[in-house]
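# Examining the three-dimensional arrangement
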Amino acid sequence: MPDTEIAFIGLGIMGLPMAVNLVRAGYTVTGHNLTPERVDALVAEGGRRGGGVAGAVTGADVVITMVPDSPDVEELLLGPGGVYENAKPGTLVIDMSTIRPDVSRAVAEAGAERGLRVLDAPVSGGEAGAVEAKLSIMVGGAQADFEAARPIFDVLGTTPVLVGPNGAGQTVKAANQLIVAGNIQLLAEALVFLEAHGVDTESGLEVLGGGLAGSTVLQRKGRAMRERDFAPGFRIALHDKDMRIVTDSARAAGVAIPLGAQVAQSVAALKNQGHGGLDHSALLMIVQQLSGRS
């Protein structure tokens with residue numbers, strides 16, 4: 001499949017390393033991003049410069065989009081000069097953004113009307129997972145389209161799974177973000193608790209990681225949280241957006257998520273304090289504030 005030409009739109013913290021991994025796997029990847037230096041970085045790795053959405057998409061066999069929010073996806077896919085206006089019939093459009101499930105279903109229906117094959121395929125694993133090609137990929141769409149995209153998914157991650165029809169990938173991603181936020185919150189509480197009792201947190205987290213309390217969150221975030229290093233791998237502002245998707249979707253389905261709603265408030269509070277650009281592990285700051293230890 002490396003003869004396949006891919007347009008990759010959205011070269012942010014996650015998108016750029018994903019696009020680079022596709023280049024290294026032998027694909028022809030044409031990139032576009034609102035900030036041109038991210039395209040420069042892709043070109044330096046052997047990718048091509050799209051020069052705009054139309055330039056990237058025209059002639060592509062596969063279009064991958066990785067942008068921040070639902071309105072961005074709607075504008076990029078459906079808007080004037082967007083993907084759907086420039087993609088040839090039969091193009092496989094894979095939206096790997098994290099957006100509302102109902103928006104994923106709507107853009108998939110609009111794509112089908114234009115003869116396009118559309119998948120929603122949000123990912124989990126953070127920047128490290130994108131760089132290491134170890135992402136978990138939650139896919140919504142048709143089985144045949146998933147199979148067509150499988151070689152690409154296998155380059156980007158280790159766990160690509162078709163979870164249902166269009167929109168199902170986004171629903172599973174919402175559940176993922178709920179679990180991740182809860183894990184980070186509890187890890188933050190555990191760290192502040194250990195520090196208050198004078199425990200060496202490095203050895204404390206080591207032994208916790210070897211038991212039932214161990215998790216990918218502890219492995220990937222524990223050291224940085226101990227050191228108060230909140231350089232963004234996944235920004236608070238984006239997790240706040242994701243938690244709003246979770247709470248809105250839960251409310252629409254009549255599902256109670258009491259712990260999730262509380263963590264969503266902590267994420268929102270941190271963003272409202274001006275910390276939206278920090279990594280989501282900065283939830284530790286809220287725990288410190290509530291404990292009078294900031």
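Our structure's up above, just so we're on the same page.
The following refers to the structure shown. (Residues numbered from 1 in each chain as written. Predicted model: local features only at pLDDT ≥ 70, side-chain atom pairs only at ≥ 80, totals over all residues. Heavy atoms only, no water.)

### Focus on the overall build of the protein chain
Across its full length, the protein chain carries 14 helices and nine strands. Residues counted as buried form 49% of the 294 residues belonging to the protein chain. Taking all contacts inside the protein chain whose residues are at least 6 apart in sequence as the whole, residues at least 24 apart take part in 66%. Looking at the protein chain as shown, the accessible area adds up to about 13100 Å², and 54% of this sits on carbon and sulfur atoms. Put simply, the protein chain has 23 plus and 32 minus side-chain charges, and the middle of one group is 2 Å from the middle of the other. (Helix = DSSP H or I, 4+ residues; strand = E, 2+ residues; numbered from the N terminus. Buried < 20%, exposed > 50% of the residue type's maximum accessible area, 1.4 Å probe, protein only. Contact = heavy atoms within 4.5 Å. Areas by Shrake-Rupley, 256 points an atom, 1.4 Å probe, with all protein chains shown as cover. Lys, Arg positive; Asp, Glu negative; His and termini not counted. Charge placed at Lys NZ, Arg CZ, Asp CG, Glu CD.)

### Considerations on the packing of aromatic side chains
Going through the model one piece at a time under the given rule, you end up with one aromatic pair. Centre to centre, the rings of Phe146 and Phe153 are 6.0 Å apart; their planes meet at 35 degrees, and the pair counts as tilted. Taking relative accessible area as the criterion, Phe153 reaches 0% and is therefore assigned buried. (Phe/Tyr/Trp six-rings, centres within 6.5 Å; stacked < 30°, edge-to-face > 60°.)

### Quick look at the environment of Arg117
Position of Arg117 among the secondary structure elements: in strand S6 (residues 117-120). Judged by relative accessible area, Arg117 falls into the partly exposed class, the value being 31%. With 144 residues separating them in the primary sequence, Arg117 and Ala261 have C-alpha atoms 35 Å apart. Polar side-chain contacts of Arg117 include one of 3.1 Å to the backbone oxygen of Gly90. (Polar contact = N/O pair within 3.5 Å; in protein donor to acceptor, adjacent residues only side chain to side chain.)

### Observations regarding the pairing of strand S2 (residues 28-32)
Here is the key point about a regular strand: its side chains alternate between the two faces of the sheet. Buried residues dominate S2, accounting for four of its five residues. Inspection of the sheet shows strand S1 (residues 5-9) paired to S2 by five bridges, in the parallel sense. Bridged to Ala7 within S2 is Thr30. In this fold, S1 hands off to helix H1 (residues 15-24), which returns the chain to S2; that crossover is right-handed. As paired elements, S2 and strand S3 (residues 48-49) share two bridges and run parallel to each other. By the bridge assignment for S3, Thr30 is matched with Arg48. Crossover connection from S2 via helix H2 (residues 36-44) to parallel S3: handedness right-handed. (Pairing = 2+ DSSP bridges. Right-handed = clockwise from strand over helix to strand, strands pointing away.)

### A short note on the side chain of Ser266
Relative to the helices and strands, Ser266 is located in helix H13 (residues 258-275). Residue classification places Ser266 among the buried residues on the basis of a relative accessible area of 11%. Beyond its immediate stretch of four places on either side in the chain, Ser266 contacts Gln185, Leu283 and Ile286.

### Here we look at the pattern of salt bridges
The final tally for this structure, using the stated rule, is 14 salt bridges. Note that Glu45 and Arg24 form a salt bridge whose closest N and O atoms lie 3.2 Å from each other. Taken together, the positions of Glu45 in the loop between H2 and S3 and Arg24 in helix H1 put the pair 21 residues apart, joining distant regions of the chain. When its relative accessible area of 37% is taken as the criterion, Glu45 is described as partly exposed. Where Glu195 meets Arg228, a salt bridge forms, and the shortest distance between an N and an O atom there is 2.8 Å. Of the two residues, Glu195 sits in helix H9 (residues 168-196) while Arg228 sits in the loop between helix H11 (216-226) and helix H12 (236-253), which places them 33 residues apart along the sequence. Here Glu195 falls in the partly exposed class, since its relative accessible area comes to 27%. Through salt bridges with shared partners, a single network forms among Asp240, Arg244 and Lys271. (Salt bridge = Lys/Arg side-chain N within 4 Å of Asp/Glu carboxyl O.)

By themselves these figures say nothing about function.
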